[in-house]
Amino acid sequence: MKIRIVGAGPAGLCFASLMKRADRSHDIAIVERSPRDATWGFGVVFSDRALEFLRADDEALVRELAPHFESWPRIAIVHDGTRVPVAGNGFSSIGRLQLLTLLHRHVEGLGVPIRFDAEATSLAGFADADVVVAADGAFSSIRGAREAAFGTTVDWRPNRFIWYGTTKAFDSLTLTFRRTAHGVFCAHHYRYAPDRSTFLVEVTEPTWQRAGFERMDERETLAACERAFAADLEGHPILSNRSHWRRFPAVWNERWSTGNVVLLGDALRTAHFSIGSGTRLAMEDAVALAKAFAACGNDVPAALARFQAERLPPVRKICDAANASLRWYEQMDERVSALDPLEFAYSYMTRTGRVDHAEVRRLDPALAAAYEARHPQAAA
Ligand SMILES: Cc1cc2nc3c(=O)[nH]c(=O)nc-3n(C[C@H](O)[C@H](O)[C@H](O)COP(=O)(O)OP(=O)(O)OC[C@H]3O[C@@H](n4cnc5c(N)ncnc54)[C@H](O)[C@@H]3O)c2cc1C
């Protein structure tokens, strides 16, 4: 089969790797608009569970990535200075640039060419392809030109976030909530290399307005965030990588393919970073599409239909959880004020509706017991 992939992100690279390993005779090529060493952002995380899934489907890839992971066994919630450790949630992380560099090497080693600095503005160059994979990210232009056919919706969420790094090596994935004169500032932070952590700052729209971020330049914005989290950063600087405030686009598509063009990864659907699964989901999409081809051979319409039928139920579940999670953050000011640190951590744990009290007890018996002491009905 002649397979053309737009976008050398985790989705496109993973799909190329799986298809080439399944059948060396496939003619696969990737076009990527950025230069080879371009990067944005800092690290990405995988839960232990996500890695287990990935390992089951692509052991060779996980083996290559594993030595580069930073891992920790628990997370922590910091409620205005009070730290509540939460057990049972293991995570690993890796720098996004490192992940992509390893994936480039892996895919090129299999004989799949990646053409960098090559933007695909239309499908004109792919007329003779059997299948075209649009793995070109949340703002996919391939999807944008066919929105009606895909049934695309984009729900722009109101919170503002900015993706920074820092030289402080945090010892666990931590969600830090700090009350300021303008409202609550939240940082999602985790170590992804021995001397680097991701440090993503999120605020509600009213807090963003009150803090005056609209009128600040890059340097002033960074300084304001450093001030808000001075006690947590302990003198370490925040690092910017052309970082700027964004709003999260919740992307969904009713139809995942049209003709021989199929959406993959963030082009297909986004999942809020607070469930830490965008990269993992992109890679699992790739696994599902490759499995659909394994089942249907070169019958492209059958494979694309099977891909959506098989992958839709788990994707819907995780997107529902991600959407519940992002809404929880949209109410964080009210929650920080109304709840004490223990109740707040419990609310965080159960925010997606997928973790009930029995699951909290399984993950962290001490937290569940402390909660039951105040709410005996929870134990019933
Ligand atoms: C602030 C923030 C924090 C995040 N944190 C995490 C995290 O902690 N953990 C996690 O797992 N995920 C995280 N993510 C999400 C993660 O980065 C994405 O979900 C993941 O990279 C999606 O992979 P993808 O391959 O679908 O798309 P992308 O990684 O976006 O790759 C798309 C590729 O397509 C290229 N491209 C786009 N248009 C064209 C074109 N016309 N022609 C050629 N090439 C094109 C782009 O240059 C890019 O390389 C975060 C995202 C954001 C914004």
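Residues numbered from 1 in each chain as written. Predicted model: local features only at pLDDT ≥ 70, side-chain atom pairs only at ≥ 80, totals over all residues.

Asks: Explanation requested: the packing of helix H13 (residues 341-349) against helix H15 (residues 365-374) in the structure shown.
Replies: The relative placement of two packed helices is expressed as an angle between their axes plus a distance between the axes. In contact at an axis separation of 10 Å, H13 and H15 are set at 120° when each is read in the N-to-C sense. Considered as vectors, H13 and H15 are oriented oblique to each other. In this structure, the crossing between H13 and H15 has a hand that is left-handed. Where H13 approaches H15, its residues Leu342, Ala345 and Tyr346 are matched on the opposing element by Leu367, Ala370 and Tyr371. (Axes fitted to C-alpha atoms, helices over the stretch in contact; angles between N-to-C directions. Helix = DSSP H or I, 4+ residues; strand = E, 2+ residues; numbered from the N terminus. Parallel < 35°, antiparallel > 145°, perpendicular 65-115°, else oblique. Left-handed = near helix turned anticlockwise from the far one by under 90°. Contact = placed C-beta atoms within 7 Å.)

Asks: Help me understand the sheet that holds strand E7 (residues 91-95), please; the structure alone is not making it clear to me.
Replies: The three strands are arranged E3-E7-E4 in an open sheet whose pairing can be described as antiparallel. Bordering the open sheet on either side are strand E3 (43-47) and strand E4 (70-72), each of which pairs with just one other strand. Neighbour-to-neighbour, the strand axes of the sheet open up by a mean angle of 25°, direction not taken into account. Here E4 pairs with E7 via three bridges, running antiparallel. Across the sheet, Glu70 pairs through a bridge with Ser93, a residue of E7. Running at roughly 80° to E3, helix H2 (residues 48-57) makes contact with E3 and E7 of the sheet. (Pairing = 2+ DSSP bridges.)

Asks: Help me understand H13, please; the structure alone is not making it clear to me.
Replies: Within the span of H13, buried status applies to Phe344, Ala345, Tyr346, Tyr348 and Met349. Residues of H13 that are buried sit in contact with strand E5 (75-79), strand E6 (82-86), strand E12 (173-180), helix H12 (332-338), helix H14 (357-363) and H15. (Buried ≥ 20, exposed ≤ 12 C-beta atoms within 10 Å, placed from the backbone.)

Asks: Explain helix H4 (residues 96-109) to me, please; I cannot follow it from the model alone.
Replies: Side chains of residues three or four places apart in an α-helix project in the same direction, reflecting 3.6 residues per turn. Between its first and last C-alpha atoms H4 spans 20 Å; for 14 residues at 1.5 Å apiece the expected length is 20 Å, and the two agree. Residues Arg96, Leu99, Leu100, Leu103, His106 and Val107 constitute the buried set of H4. For H4, the buried positions fall inside an angular range of 125° around the axis, keeping them on one side. For H4, the exposed residues set more than 90 degrees away from the buried face come down to Arg105 and Gly109. Along its buried surface, H4 packs onto helix H1 (10-22), E3, helix H3 (59-65), E7 and strand E8 (114-115). Once H4 finishes, Gly111 follows within two positions and takes phi at roughly 95°, a positive value. (Expected span 1.5 Å × (residues − 1). Arc of directions from axis to C-beta.)

Asks: Quick question: what am I supposed to make of the nonpolar core here?
Replies: Within soluble globular proteins, side chains that are nonpolar tend to cluster in buried spots. Membership of the largest hydrophobic core comes to 107 residues, with the highest contact counts inside it found for Phe15, Val133, Ala134, Val262 and Leu264. With ten residues, helix H11 (residues 300-330) is the largest single contributor of residues to this core. Apart from the residues lying within four places of it in its own chain, the contact partners of Val262 are Val131, Val133, Ala134, Trp256, Ser257, Leu289, Leu304 and Phe307. (Core = buried A, V, L, I, M, F, W, Y, C linked by C-beta atoms within 7 Å.)

Asks: I'm lost on the site of the ligand in this one. Help?
Replies: By nearness alone, 32 residues border the ligand, and Gly7, Gly9, Gly137, Gly265 and Gly278 come closest of all. Mapped by element, the contributors of at least two residues to the shell around the ligand are H1, E3, strand E11 (160-166) and helix H10 (278-296). A total of four residues in the shell around the ligand trace back to one element, the largest contributor, which is H10. In terms of residue class, the shell around the ligand is built from 14 nonpolar, twelve polar and six charged. When residues of the shell around the ligand are assigned to domains, at least three map to each of domain 1 (2-39 + 96-156 + 250-328) and domain 2 (160-239). (Near = placed C-beta within 6 Å. Nonpolar A, V, L, I, M, F, W, Y, C, P; charged D, E, K, R; others polar. Domains from an automatic or database assignment.)

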